[in-house]
Amino acid sequence: MVKAIVGANWGDEGKGKITDTLSKEADIIVRYQGGANAGHTIVNNYGKFALHTLPSGVFYDHTTSIIGNGVALNIPVFMREIEELVERGVPTPNIKVSDRVQLVMSYHILFDQYEEERLAGKSFGSTKSGIAPFYSDKYSKIGIQVSELFHEEALREKVENICKLKNVILEHLYHKPLLQPDSIMKELMGYRDMISPYLVDVSLYLSDAIKKGKEILLEGQLGALKDPDHGIYPMVTSSSTLAAYGAIGAGIPPYEIKKIVTVCKAYSSAVGAGIFVSEIFGQEADELRNRGGDGGEFGATTGRARRMGWFDVVASKYGCRIQGTTDVAFTVLDVLGYLKEIPVCVAYEIQGKQTTDFPTTDQLKKAKPVLEVLPGWNCDIRGINKYEELPENCRHYIEFIEEKLGYPITMISNGPGREDIIYR
Ligand code: GDP
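Because the structure is a prediction, the values reported are computed rather than measured. (Residues numbered from 1 in each chain as written. Predicted model: local features only at pLDDT ≥ 70, side-chain atom pairs only at ≥ 80, totals over all residues. Heavy atoms only, no water.)

Asker: Sorry if this is basic, but what is going on with the site of the ligand here?
Answerer: By nearness alone, 20 residues border the ligand, and Gly-16, His-40, Thr-41, Asp-334 and Ser-413 come closest of all. Within the backbone of Glu-13, a nitrogen or oxygen atom sits 3.1 Å from an oxygen atom of the ligand. Arg-306 has a polar side-chain atom sitting 3.1 Å from an oxygen atom of the ligand. Contact with the protein chains removes 98% of the 580 Å² of surface that the ligand exposes when unbound. Mapped onto the shell around the ligand, the elements with two or more residues apiece are helix H1 (15–22) and strand E3 (40–44). (Near = heavy atom within 4 Å. Polar contact = N/O pair within 3.5 Å; in protein donor to acceptor, adjacent residues only side chain to side chain. Areas by Shrake-Rupley, 256 points an atom, 1.4 Å probe, with all protein chains shown as cover. Helix = DSSP H or I, 4+ residues; strand = E, 2+ residues; numbered from the N terminus.)

As structure tokens, this is what we get:
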């Protein structure tokens, strides 16, 4: 069976932890979109890891980890991540990479930096990992698919054309050094040597695995509100963050995705710019940020302080719907244990009218949060593994949100570790 694990919100919902937990019962874990621009933080018996490219199943020796064709693959980051795992005692993971995956090039990273510099204060808050320039090139048909590395002559011609195009912008817009075809070719040949051992026809491999009844997890990056079509455009990422895209980014039939586990965090956080209706500020935000996640809400890739807010029913209900949720995994609930009262954003008020339907960005700009305050449970819930043993106010919080979302919360995460999970 194929299950997707995706985010309802702005990312950092704890998908990595849920994937790591569910990987125990899985055979194959697939990354199908995005690149090294976001990270998953995983805490297990080997220690604490921030993964950017590898799927969160790499810690088990019974699983195969797959990089699907939809990923923006940064080969040096990929290689470094494998090395780090092995150095820290994790068994050498079994990894396969799609022969249709495309490569993040050093110039994609440079273009990302130059554009952020040019936009200065008006920037999109990019992590400068080259992801937007990568996907722009992919859809402009000047991206480099890994299979092209084996046809040097044709590749050289393509690289010369790429340099011609890019150099106009480098010279006239950014006033930066020009690209040299020779050095790009050298970079590419280096990548060819590094990646060759991992390449397979992933779509075919997964097709066989599905026939054999294997348990396959599709691991999403970021969340529904960062999707380029359905998110808070233009403050979005450059590849689809939705479970539906799993079919494309892994190369499997859409009807094979039988379960969609949407990860919702018990409060909100976001990185980068963009409208965030339930955002809180000052000391209230600092306290939640410092207590949040596992050791504070700071980006796994960039270390940036995340913006904080109360749980947003409107955004999460929309996120769950657009993902096609069958199950909600409700995470980081333990963090709220310090609060006597917990505000929840239950609706938006837009020009005097209340709504629970998530609007387009222009309307979102005018939205004000409508808060309802629930009683806190004011104690530590870590270590509890039965739903009935959670404090009454905690269960009330979960059931209140479940009712507002309209999707079943079947998993509750009450700590960063693998075993900190309550099935319901
Ligand atoms: P992802 O990108 O969705 O995987 O999320 P991140 O890894 O960026 O952020 C989630 C953070 O919360 C990480 O530091 C996790 O270790 C941590 N985390 C996940 N689930 C829980 C939980 O239930 N409780 C606590 N306290 N931390 C959690």
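Asker: What is the right way to look at the nonpolar core in this model?
Answerer: A general tendency of soluble globular proteins is for nonpolar side chains to be buried together. Judged by nonpolar contacts, the single largest core of 42 residues is most densely connected at Leu-73, Phe-78, Val-97, Leu-103, Leu-188 and Ile-195. Apart from the residues within four sequence positions on either side, Leu-188 is in contact with Leu-103, Met-105, Ile-144, Leu-149, Leu-155 and Val-159. Ranked by size, the runner-up nonpolar core spans 40 residues in total, among them Val-328, Ile-342, Val-346 and Val-370. (Core = buried A, V, L, I, M, F, W, Y, C linked by side-chain atoms within 4.5 Å. Buried < 20%, exposed > 50% of the residue type's maximum accessible area, 1.4 Å probe, protein only. Contact = heavy atoms within 4.5 Å.)

Asker: When you look at a nonpolar patch on the surface in this model, what are you seeing that I'm missing?
Answerer: Together, Val-168, Ile-169 and Leu-173 make up a nonpolar patch on the protein surface, roughly 240 Å² of accessible area in all. One can find Leu-173 in helix H5 (residues 152–174). (Patch = residues over 30% accessible without salt bridge, like charges linked within 9 Å, V, L, I, M, F, W, Y side chains within 5 Å. Salt bridge = Lys/Arg side-chain N within 4 Å of Asp/Glu carboxyl O.)

Asker: What is the right way to look at the packing of aromatic side chains in this model?
Answerer: This model, assessed by the stated rule, comprises 12 aromatic pairs. Aromatic pair Phe-134 and Tyr-135: ring centres 4.8 Å apart, planes at 90°, arrangement edge-to-face. Taking relative accessible area as the criterion, Tyr-135 reaches 2% and is therefore assigned buried. Through a chain of ring-to-ring contacts, three or more aromatic side chains come together here, namely Phe-311, Phe-330, Trp-377 and Tyr-397. Looking at Arg-88, its charged tip hangs above the ring of Phe-49, at a distance of 3.9 Å from the centre. (Phe/Tyr/Trp six-rings, centres within 6.5 Å; stacked < 30°, edge-to-face > 60°. Lys NZ or Arg CZ within 6 Å of the ring centre and 35° of its normal.)

Asker: Whenever I open this one, the sheet that holds strand E12 (residues 268–270) confuses me. Can you help?
Answerer: Strand pairing in a sheet relies on backbone hydrogen bonds. The paired strands run either parallel or antiparallel. Read from one edge to the other, the open sheet built from 3 strands follows the order E12-E14-E13, with strand pairing classed as antiparallel. Each edge of the open sheet is held by one strand with a lone partner, namely E12 and strand E13 (279–280). Pairing of E12 with strand E14 (residues 307–309) involves 3 bridges; the strand directions are antiparallel. Its bridge partner being in E14, Ala-270 is matched across the sheet by Arg-307. The strands touched by helix H9 (residues 282–291) are E13 and E14; relative to E14, the strand with the most contacts, the crossing angle is about 100°. (Pairing = 2+ DSSP bridges. Axes fitted to C-alpha atoms, helices over the stretch in contact; angles between N-to-C directions.)

Asker: Even after reading the chapter, I still don't get the pattern of salt bridges, so can you show me in this structure?
Answerer: Note on pairing: side chains with opposite charge can pair once their charged atoms come close. A complete count under the given rule lists 23 salt bridges for this structure. Ionic contacts of the salt-bridge type, sharing partners, join the residues Asp-12, Lys-265, Glu-297 and Arg-306 into one network.

Asker: Explain the sheet that holds strand E9 (residues 199–200) to me, please; I cannot follow it from the model alone.
Answerer: Ordered in space as E9-E7-E5-E2-E10-E1-E11-E16-E20-E21, the 10 strands form an open sheet in which the pairing is mixed. Only two strands of the sheet have a single neighbouring strand rather than two, namely E9 and strand E21 (421–423). Note that strand E20 (residues 409–413) and E21 share 3 bridges and pair antiparallel. In the strand pairing of E21, Met-411 is matched with Tyr-423.

Geometric descriptors of this kind do not, in isolation, establish any biological role.
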